[in-house]
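Close look at the chain arrangement
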Amino acid sequence: MAVVQSSLKHAHEGWSPDEPLILHIHEDDSHSRATGGTTFSRTCFNGINALSGVGILSIPYALAQGGWLSLVLLFVMANICCYTGLLLQRCMDANPRIQSYPDVGEHAFGYKGRVMIALFLYLELYLVSIGFLILEGDNLENLFPGTNYVFLGLNISGKQFFVLIATLLILPTTWLRNLSLLAYVSAGGVVASVVVVLCVFWVGALGGIGFHEGGKLLNLKGLSTSMSLYAFCYSGHAVFPTLYTSMKTKSQFPKALLTCFVLCFINYGTMAVLGYLMFGDNVNSQVTLNLPVGNLGSKIAIYTTLINPFTKYALMVTPIATAIEERLSCRNVSASLIIRTLIVISTVIVALAVPLFGYLMALIGSFLCIAASMLIPCICYLKIFESSRHFGFELLTILGILVLGFVIAVMGTYSSLQQIVHNL
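As recorded in an unreviewed UniProt entry, the chain goes by the name Amino acid transporter transmembrane domain-containing protein, listed as coming from Acorus calamus. Under the UniProt heading Subcellular location (unreviewed entry), the entry covering the chain gives this text: "Membrane".

Here it is, written out as structure tokens:
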């Protein structure tokens, strides 16, 4: 998922969280020019890093919701998101001043377009950070079942306790003004995603579980949830402009983007098939919760899963905090600490109130990722090139994507909200 990996720094070295990720147009690209820009291989690595995230845990659940035939939709969604990524590139080529996704919105629809896209991206970052806390609580409770505490007469369940502990450990990282070290650490997300898949295969092949579950061929009721989760996995559009502007040879961007999506589809597809064959319709929203905790492979998978949020949570929260601080013209260190702490407190409150990882990810995918990865690129492209576009196959394709995206957004959002309310 893209925004989950928004730790990419702005130029070929990546994004620096000291720079506002969304609101600013970056005029000075001299550093990138001086060092020659990013190579094709490094762009591919950064792109895979942007697309690989916590979505890898929920992909077997997505397959279980839609059935085996929904794998076709996983492939279709990869193609659509890759194509809309290329549409973003074309929009950027229309004006050399465009350096970020909100810049595209501003070029197409003025300041209102910039604000709209910025709000979508900030909300996505905020919800993903909440998902990190829920993930920590779920997996730590799985490692240490039966944990329960009573504090000041309040009964605190194991999951709630671990969410609070994880928050206290993560909080100091959000106070850092320069997170460049964390940005480098979070680049291990590519390796982490592959390690989790290998560990799940290890547990299935050697841990006595096997790959014997048949599963359903098609589940129409769950297709909207499947599509929403697939969209969440492939939503990397927030960082695609950064990847493009940082490349040494920009003409290679389409090839790099295709490489990223092909490799990510293979990784996601492998995890989906393994998890569904191992656990069938009983697979949890996080496949790690199905793994037997006594198995070494399971422990490696779970601990790998637990480490990632500690390196990425601050990278999700920092752009939000930076935008608020700039809006309030806040340059006082103490005030900055208060703002960042309040943001963290708000996320933990929501994580405790809505501890439903799978449904939250589906909501993010249907409401925000569909907009960011399917609807907005198409709408901006049609607006920017409205004077030169001709009725043809491409226009029909774009209109088809818009219709499909709108249907998934409406049905997926309604289904996710309904499931969240039902399970609270």
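A few words on the overall build of the chain. On a plain count of helices and strands, the chain comes out with 16 helices and two strands. Across the 424 residues in the chain, those meeting the buried criterion constitute 59%. Within the chain, contacts between residues at least 6 apart in sequence are counted, and of these 83% link residues at least 24 apart. For the chain, the exposed area adds up to about 17400 Å²; of that, 68% sits on carbon and sulfur atoms.

Note on soluble globular proteins: their nonpolar side chains tend to be buried together. Formed by 121 residues in total, the largest nonpolar core has its most connected members in Met77, Phe261 and Ile364. Per-element tally for this core: the top contributor is helix 15 (residues 357-384), with 19 residues. Leaving out residues up to four positions away in the same chain, Phe261 has contacts with Leu51, Ala78, Cys81, Cys82, Tyr234 and Phe240.

Mean pLDDT for the chain: 81, with 86% of residues reaching 70 or above. A low-confidence stretch, residues 1-35 stays under pLDDT 50, and its non-local contacts, those more than four residues away or across chains, total 117 contacts.

Take the packing of aromatic side chains next. Using the criterion set out here, one finds ten aromatic pairs in the structure. Between Phe201 and Phe211, the aromatic rings sit 6.0 Å apart at their centres with planes inclined by 20°, giving stacked as the arrangement. On the criterion of sequence distance, the pair formed by Phe201 in helix 9 (residues 189-206) and Phe211 in the loop between helix 9 and helix 10 (223-234) is long-range, its members being ten residues apart. The partly exposed category is assigned to Phe201, whose relative accessible area is 43%. Owing to a relative accessible area of 32%, Phe211 belongs among the partly exposed residues under this scheme. With a centroid separation of 5.7 Å and an interplanar angle of 85°, the aromatic rings of Tyr234 and Tyr268 are classed as edge-to-face. Pair noted here: Tyr234 is in helix 10 and Tyr268 is in helix 12 (residues 253-279), with a separation of 34 residues, a long-range link. Each of the two residues, Tyr234 as well as Tyr268, counts as buried. Grouped by ring-pair contacts, the aromatic residues Tyr234, Phe240, Phe261 and Tyr268 constitute a single cluster.

With their axes 8 Å apart at the nearest point, helix 3 (residues 55-66) and helix 4 (residues 70-93) run at an angle of 125° to one another. In terms of their interaxial angle, helix 3 and helix 4 are classed as oblique. Residue-level inspection shows Ile59, Ala62, Leu63 and Gly66 of helix 3 in contact with helix 4, the latter providing Ser70, Leu71 and Leu74. Looking at the contact of helix 3 with helix 4 residue by residue, the class counts come to five nonpolar, two polar and no charged.

Applying the stated criterion across every chain yields a total of six salt bridges. Note that Arg114 is salt-bridged to Glu106, the shortest N-O span being 2.9 Å. With relative accessibility at 28%, the residue Glu106 sits in the partly exposed group. Among the salt bridges present, the one from Asp138 reaches Lys159, with a minimum N-O distance of 3.0 Å. Highlighted residues: Asp138 in helix 6 (residues 111-143) and Lys159 in helix 7 (residues 158-174), separated in sequence by 21 residues. Put simply, Asp103, Glu106 and Arg114 are held in one network by salt bridges that share partners.

It is worth spelling out the packing of helix 6 against helix 14 (residues 333-353) at this point. Contact geometry for helix 6 and helix 14: axes closest at 9 Å, N-to-C directions at 60°. In this view, helix 6 runs oblique relative to helix 14, as classed from their interaxial angle. At the point where helix 6 passes helix 14, the crossing takes the right-handed sense. Here helix 6 contributes Tyr126, Ser129, Ile130, Leu133 and Ile134 to the contact with helix 14, which in turn contributes Ile343, Ser346, Thr347, Val348, Val350 and Ala351. Split into classes, the residues belonging to the contact of helix 6 with helix 14 amount to eight nonpolar, three polar and no charged.

The topology assignment puts Val196 in helix 9. Along the backbone, Val196 and Val287 are 91 residues apart, and their C-alpha atoms lie at a distance of 9.9 Å. Apart from the residues within four sequence positions on either side, Val196 is in contact with Leu57, Met271, Ala301, Thr304 and Thr305.

Reading guide: rules and limits
Residues numbered from 1 in each chain as written. Predicted model: local features only at pLDDT ≥ 70, side-chain atom pairs only at ≥ 80, totals over all residues. Heavy atoms only, no water. UniProt positions renumbered as here; feature names shortened; annotations may be inferred. Helix = DSSP H or I, 4+ residues; strand = E, 2+ residues; numbered from the N terminus. Buried < 20%, exposed > 50% of the residue type's maximum accessible area, 1.4 Å probe, protein only. Contact = heavy atoms within 4.5 Å. Areas by Shrake-Rupley, 256 points an atom, 1.4 Å probe, with all protein chains shown as cover. Core = buried A, V, L, I, M, F, W, Y, C linked by side-chain atoms within 4.5 Å. pLDDT = per-residue confidence, 0-100. Phe/Tyr/Trp six-rings, centres within 6.5 Å; stacked < 30°, edge-to-face > 60°. Axes fitted to C-alpha atoms, helices over the stretch in contact; angles between N-to-C directions. Parallel < 35°, antiparallel > 145°, perpendicular 65-115°, else oblique. Nonpolar A, V, L, I, M, F, W, Y, C, P; charged D, E, K, R; others polar. Salt bridge = Lys/Arg side-chain N within 4 Å of Asp/Glu carboxyl O. Left-handed = near helix turned anticlockwise from the far one by under 90°.

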